[in-house]
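Below, each chain spelled out in residue letters.
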Amino acid sequence: MAKNNDISDMIAEFGSRSEFAAAVGAELATVHKWAQSGRIPARWQQRAIEVMRSKGLKQFNSDWVVKVHSEQQSGASQ
């Protein structure tokens, strides 16, 4: 089983992966990949932030997304 990460936790806060996929307009398989990898591709990040905000989950903002991706990147390079 895959280890939880910040992105999978964020998606879980939204509801289910299928609900999140529908809200952002992505395929469910795509959202599964994001949750497993702990990364949301740059072209999807703004939409993900918007849908989290629409759900009242304002802690998942652009600063949070940058921090999560930066931490993962620096961890992967060590």
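Heads up: the structure comes first, above all this text.
Residues numbered from 1 in each chain as written. Predicted model: local features only at pLDDT ≥ 70, side-chain atom pairs only at ≥ 80, totals over all residues. Heavy atoms only, no water.

Some words on the environment of A42
Then step 1. Assignment of secondary structure puts A42 in helix α4 (residues 42-54).
Then step 2. Separated by 27 residues in sequence, A42 and H69 have C-alpha atoms that sit 9.9 Å apart. (Helix = DSSP H or I, 4+ residues; strand = E, 2+ residues; numbered from the N terminus.)

Topic: helix α2 (residues 17-24)
Then step 1. Every buried residue belonging to α2 is among F20, A21 and V24, and all of these are buried. Down the axis of α2, the smallest arc covering the buried residues is 100°, so these residues share one side.
Then step 2. The inward-facing, buried residues of α2 abut α1 (6-14), α3 (28-37) and α4.
Then step 3. A positive phi of about 85° marks G25, the residue just after α2. (Buried < 20%, exposed > 50% of the residue type's maximum accessible area, 1.4 Å probe, protein only. Arc of directions from axis to C-beta. Contact = heavy atoms within 4.5 Å.)

A short note on the nonpolar core
Then step 1. The biggest cluster of nonpolar side chains holds 22 residues, and the ones touching the most others in it are M10, F20 and W34.
Then step 2. Elements with a minimum of two residues in this core: α1, α2, α3, α4 and α5 (62-76).
Then step 3. The biggest single contributor to this core is α4, with five residues.
Then step 4. The contact partners of F20, leaving out residues within four places of it in the chain, are M10, I11, F14, V31, W34, A48, V51 and M52. (Core = buried A, V, L, I, M, F, W, Y, C linked by side-chain atoms within 4.5 Å.)

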